[in-house]
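# Fold and contact review
This is what each chain is made of:
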Amino acid sequence: MTRMEPATPPPEPPNTPEPEVYDAEVRPDDVDPDALKVIRRLRRNKHHAYLVGGGVRDLLLGAKPKDFDIATSARPNEVRALFRNCRVIGRRFRLAHILFAGGKIIETATFRRDPTEEDIVEDDESRRRDDVDLLIRHDNVFGEPWEDAMRRDFTINGLFYDSEANTVIDYVGGMRDIRGRVVRTIGQPDVRFREDPVRILRAIKFSARLDLGIDPEVVEAMVAQREELARAARPRLLEEILRLLRGGAAHRSFWLMWELGALGVLMPQLAMHLDDDPPEARLLWGRLDAIDTLKRAGALPTDAVMLAALLLGPIEEAVDGAKDATRAYEALMQEVVDGLAVPRRLKERVRTLVGASRRMRGGKLGALPRREYFDEAATLFGIECHARGERRPDWLDDRPAGEAVARPRTRTRRRRRHPGAE
Ligand code: ATP
Ligand code: MG
């Protein structure tokens, strides 16, 4: 009797979700040739490699991508072995930076996933994540492409572009949202905003900058979770606020922040100023509009100018009519500085610029044209003229471009840590 060979068991069903694959309407010319080179070399060496993140999103939306990031199955050391011009950076999660001419960096990261409970226990017993506290505190771990897509914040940011097949690989429903031009979280919005409240500001940034709608459930969660912003790292909050100012859609961004109540959490002084609605409050929208106009003209103001323009309303409200103007100013600024961890140099610069631009409004130029901050102060003053609909004095446009900034800088020596310890 011949025994039948036992049938080989069917392979385990893979629990890897199947992505949707779309033909991409992307012209290869629109993609950075150096990024394509990196992908080609990784693939020739049997690794998976895709373009990911903001670059893919912008390409698909018809916007100009700022930069292109790559996600790959290759580990950082394997990437380094393939590229001479490569630096591995990051202590917590290591990334490869591949350097090209002109200081261009192509960031190449290994696919990773959000850590599971086991990873965390393994990682560090004492730092275990409890159920109530969803704030991500743990380093990510290497993962599969679909896991790498799922850990990202919004569906429009979770797409992979396969530059060789010219296809988009979609594990997160991002293509539907690109077509519908809508910001939607990957997964439960409440959970994703509690994990990382900075995502609330990122949703605002993408909606404002790319003129996208926000899914109503996502809006609801942004409002419900806005207080969580107070728990985020303050330098990240300042950086995100500066990005909102720099993005070319400062007006829309801050309007959305105010409307959704995020401004009240991050900059209560500014939100109160708008809520109280003194006649000057609405000048803020004009100032932000001026910043957006300058950005479009390729003349984005410095961070200090933008921050000063943002705060000018509450500053003037506090200072004008105060018995002790200096004290009123300091008290207001200290709150802002504490809330957002504004570095001291930036804070001091704001003070200088506000003072100078107020003197310019008073028509007193005096020695200002000889100051190294003259150009910045003049920009702030120009923003103010725009907001108030006032005529720009002739000197503002006649001043030789860059005259003040071209002066040799007086270097401030760093104070020694141990004076006299020589
Ligand atoms: P931008 O054009 O402003 O650079 P971006 O989408 O590229 O927008 P980055 O901050 O450069 O934003 O991040 C790159 C990618 O990393 C994002 O597209 C997203 O997929 C992911 N990412 C960034 N920040 C987060 C976050 N807080 N939570 C989850 N994923 C994030
Ligand atoms: Mg980016």
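These notes cover the structure that comes with them. Residue numbers here run from 1 along each chain, matching the order of that chain's written sequence. Think of it this way: whatever chain is written first is A, whatever ligand is written first is 1, and the rest follow in order. Only residues with pLDDT of 70 or above have their local features reported here, since the model is predicted, and side-chain atom pairs are shown and tallied only from 80 upward, although totals for entire chains, interfaces and linings are computed over all residues. Water and hydrogen atoms play no part in the side-chain values, which are based on all heavy atoms of the structure.

## Thoughts on the overall build of the protein chain
- Helix and strand labels come from DSSP, where a helix needs a run of H or I of at least four residues and a strand needs a run of E of at least two; each type is numbered from the N terminus. Across its full length, the protein chain holds 20 helices and twelve strands.
- Split into buried and exposed, the 422 residues of the protein chain put 46% on the buried side.
- We call two residues in contact whenever any of their non-hydrogen atoms come within 4.5 Å of each other. Sequence separation of at least 24 residues holds for 65% of the intrachain contacts in the protein chain that already meet a minimum separation of 6.
- Carbon and sulfur atoms form 49% of the exposed surface of the protein chain, whose accessible area is close to 23300 Å². Per-residue accessibility, obtained with a 1.4 Å probe over protein chains only, is compared with the maximum for each type, and a residue is labelled buried under 20%, exposed over 50%, and partly exposed between these values. Under the convention used here, a 1.4 Å probe and the Shrake-Rupley method define accessible areas, while residue burial counts only the protein chains that appear.

## Side note on the sheet that holds strand β3 (residues 69-72)
- What the eight strands build is an open sheet, ordered β1-β10-β9-β2-β3-β6-β5-β4; its pairing is mixed. The strands lining the two open edges of the sheet, one partner per strand, are β1 (20-23) and β4 (86-89). Pairwise comparison of adjacent strand axes, ignoring direction, gives a mean angle of 30° for this sheet.
- Looking at chain direction, β4 and strand β5 (residues 95-100) are connected through four bridges and run antiparallel. Bridge assignment links R87 to a residue of β5, and that residue is H97.
- All axes here are fitted lines through C-alpha atoms, helices being fitted over the stretch that makes contact, and every angle between N-to-C directions spans 0 to 180 degrees. Helix α1 (residues 33-44) contacts β2 (49-52), β3, β5, β6 (104-110) and β9 (159-162) of the sheet and is inclined by roughly 150° relative to β2.
- Contacting β2, β9 and β10 (167-170), helix α2 (residues 54-61) runs over the sheet at an angle of about 65° to β2. In short, DSSP must find at least two bridges between two strands for them to pair.

## Details of the pattern of salt bridges
- The term salt bridge refers to a pairing of a side-chain nitrogen on Lys or Arg with a carboxyl oxygen on Asp or Glu at a separation within 4 Å. On inspection of all chains with the given rule, the structure shows 38 salt bridges.
- D177 is the salt-bridge partner of R176, the closest N and O atoms lying 3.4 Å from each other.
- What makes R176 partly exposed here is its relative accessible area of 48%.
- For D177, a relative accessible area of 1% corresponds to the buried category.
- Note that R231 and E228 form a salt bridge whose closest N and O atoms lie 2.7 Å from each other.
- Judged by its relative accessible area of 40%, R231 falls in the partly exposed class.

## Considering the site of ligand 1
- Only a single heavy atom is needed: when it lies within 4 Å of a molecule or strand, its residue is near that molecule or strand. Around ligand 1 sit 15 residues, and of these R57, R152, D196, R199 and R209 come closest.
- In the environment of ligand 1, an oxygen atom lies 3.0 Å from a nitrogen or oxygen atom belonging to the side chain of R202.
- When ligand 1 sits alone it has 590 Å² of accessible area, and the protein chains cover 82% of it.
- Elements represented by at least two residues in the shell around ligand 1 include exactly α2 and α8 (198-210).
- Taken together, the residues of the shell around ligand 1 break down into one nonpolar, three polar and eleven charged.
- Structurally, the shell around ligand 1 is a two-domain feature, drawing no fewer than three residues from each of domain 1 (1-180) and domain 2 (188-231). Pairs of N or O atoms are called polar contacts if they sit within 3.5 Å, as long as, within protein, a hydrogen donor faces a hydrogen acceptor (for residues adjacent in sequence, only side-chain-to-side-chain pairs). Three classes are used, and their members are as follows: Ala, Val, Leu, Ile, Met, Phe, Trp, Tyr, Cys and Pro are nonpolar, Asp, Glu, Lys and Arg are charged, and the others, Gly among them, are polar. Domain start and stop points were drawn from an automatic or database domain assignment.

## Details of the packing of aromatic side chains
- Here a pair means two rings of Phe, Tyr or Trp (six-membered ring of Trp) with centres within 6.5 Å. Their orientation is stacked below 30 degrees between planes, edge-to-face above 60, and tilted elsewhere. A complete count under the given rule lists ten aromatic pairs for this structure.
- Measuring from ring centre to ring centre gives 6.3 Å for Y50 and F111, while their planes differ by 45°; the resulting arrangement is tilted. Here the residue Y50 occupies a position in strand β2, and F111 occupies one in the loop between β6 and β7 (112-113), the gap between them amounting to 61 residues. Comparing Y50 with F111, the two get one shared label, buried.
- With a centroid separation of 6.2 Å and 75° between ring planes, the pair formed by F160 and Y171 is classed as edge-to-face. With a gap of eleven residues between them, F160 in strand β9 and Y171 in the loop between β10 and α6 (174-180) connect regions that are remote in the sequence.
- For F160, a relative accessible area of 0% translates into the label buried.
- These aromatic residues form a ring-pair network of at least three members: Y50, F111, F160 and Y171.
- We count a charge as sitting over a ring when the NZ of a lysine or the CZ of an arginine lies within 6 Å of the ring centre and within 35 degrees of the ring normal. If you follow R112 out to its NZ or CZ, it ends over the ring of F93, 3.9 Å from the centre.

## Brief notes about a positive patch on the surface
- Patch membership requires over 30% relative accessible area and the absence of a salt bridge. Like charges are linked within 9 Å, and nonpolar side chains (Val, Leu, Ile, Met, Phe, Trp, Tyr) within 5 Å. Charge convention: Lys and Arg are scored as positive, Asp and Glu as negative, and His as well as the terminal groups of each chain are ignored. Each charge is placed at NZ for Lys, CZ for Arg, CG for Asp and CD for Glu. On the surface, a cluster of positive charge is made up of R40, R41, R44 and R84.
- Taking relative accessible area as the criterion, R41 reaches 36% and is therefore assigned partly exposed.

## Quick look at the pairing of β6
- Examined bridge by bridge, β3 and β6 share four bridges and lie parallel to one another. Bridge pairing links I70 to T108 in β6.
- Bridge count for β5 against β6 is five bridges, and the pairing is antiparallel. Its bridge partner lying in β6, I98 is registered against I106.

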